[in-house]
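Structure assessment
Listed here are the chains, written in short residue letters.
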Amino acid sequence: MKRTTERRRKELEETRRQLADLQARVDDAQRLANMGDYDWHIESDVSSWSDQLYRIYGHEPQEFDASYDRLLSMVHPADRNAVTATHRQVYESGGEWTMVERIVRPDGDVRHLATNVVVVKDDEGTPVRMRGTCVDITERVRAEAASEELAVSLREWQVRRRHAFEINDN
């Protein structure tokens with residue numbers, strides 16, 4: 001009996017070590033990818049966020065209870081209706097969805113998130129949870145905007161250059 005108990009204790013310790021290692025790897029991966037995840041229990045409005053998701057939203061990990069209303073309060077006002085409409089549609093139809101929305105951090109910085117969500121249903125088909133990931137794509141969005149501005153400037157410069165040549169030729 002004593003051997004069995006000791007063996008089980010060692011197995012439990014090894015399982016705990018493996019879980020801690022897995023959690024550390026997930027945390028590192030999320031931090032490096034600037035991605036966070038959440039799990040929202042719809043009925044109770046209890047949501048658990050990864051530490052990195054709090055950071056993406058500009059907060060310290062576990063700084064507040066992440067209710068649905070709290071989440072919506074941080075979505076950019078111009079995107080709020082689209083986000084709630086999408087949530088409603090996915091809730092009713094189930095399944096998965098992807099969207100890009102903006103959030104506003106406490107310091108006023110606007111960030112762009114690529115969000116992927118799956119609806120989890122119970123045995124009767126009722127949505128009970130929404131799980132998702134949010135990837136901060138702000139730098140990519142800003143780089144694309146800067147690239148587009150550069151392209152517009154280049155086209156404008158080419159038109160002016162052509163006009164200058166035409167004036168010079170005349």
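In this text the structure is predicted, and so the values were computed from the model without any measurement.

The next subject is the sheet that holds strand E5 (residues 127-136). Across the sheet, which stays open at both edges, the five strands sit in the order E2-E1-E5-E4-E3 with antiparallel pairing between neighbours. Here the strands that pair on one side only, and so sit at the sheet edges, are strand E2 (46-49) and strand E3 (96-104). The mean angle between the axes of side-by-side strands here comes to 25 degrees, regardless of whether they run parallel or antiparallel. Summarising the sheet, strand E4 (residues 110-121) and E5 pair through nine bridges and their orientation is antiparallel.

Glancing now at the confidence of the model for the chain. Per-residue pLDDT for the chain averages 87, and the proportion of residues at 70 or more is 88%. When mean pLDDT is taken per element in the chain, helix H2 (residues 51-56) scores highest with 96 and helix H5 (residues 138-169) scores lowest with 72.

What follows covers the packing of aromatic side chains. Across all of its chains, the model carries five aromatic pairs by this definition. Taking 5.1 Å as the distance between ring centres and 65 degrees as the angle between the ring planes, the aromatic pair formed by Tyr54 and Phe64 counts as edge-to-face. Highlighted residues: Tyr54 in helix H2 and Phe64 in the loop between H2 and helix H3 (68-74), separated in sequence by 10 residues. For the pair shown, Tyr54 and Phe64 are each scored as buried. One aromatic cluster is present, formed by Trp49, Tyr54, Tyr57 and Phe64 through successive ring pairs. Sitting over the ring of Phe64, Arg70 keeps its end group 3.9 Å from the ring centre.

Conventions used here
- Residues numbered from 1 in each chain as written.
- Predicted model: local features only at pLDDT ≥ 70, side-chain atom pairs only at ≥ 80, totals over all residues.
- Heavy atoms only, no water.
- Pairing = 2+ DSSP bridges.
- Helix = DSSP H or I, 4+ residues; strand = E, 2+ residues; numbered from the N terminus.
- Axes fitted to C-alpha atoms, helices over the stretch in contact; angles between N-to-C directions.
- pLDDT = per-residue confidence, 0-100.
- Phe/Tyr/Trp six-rings, centres within 6.5 Å; stacked < 30°, edge-to-face > 60°.
- Buried < 20%, exposed > 50% of the residue type's maximum accessible area, 1.4 Å probe, protein only.
- Lys NZ or Arg CZ within 6 Å of the ring centre and 35° of its normal.

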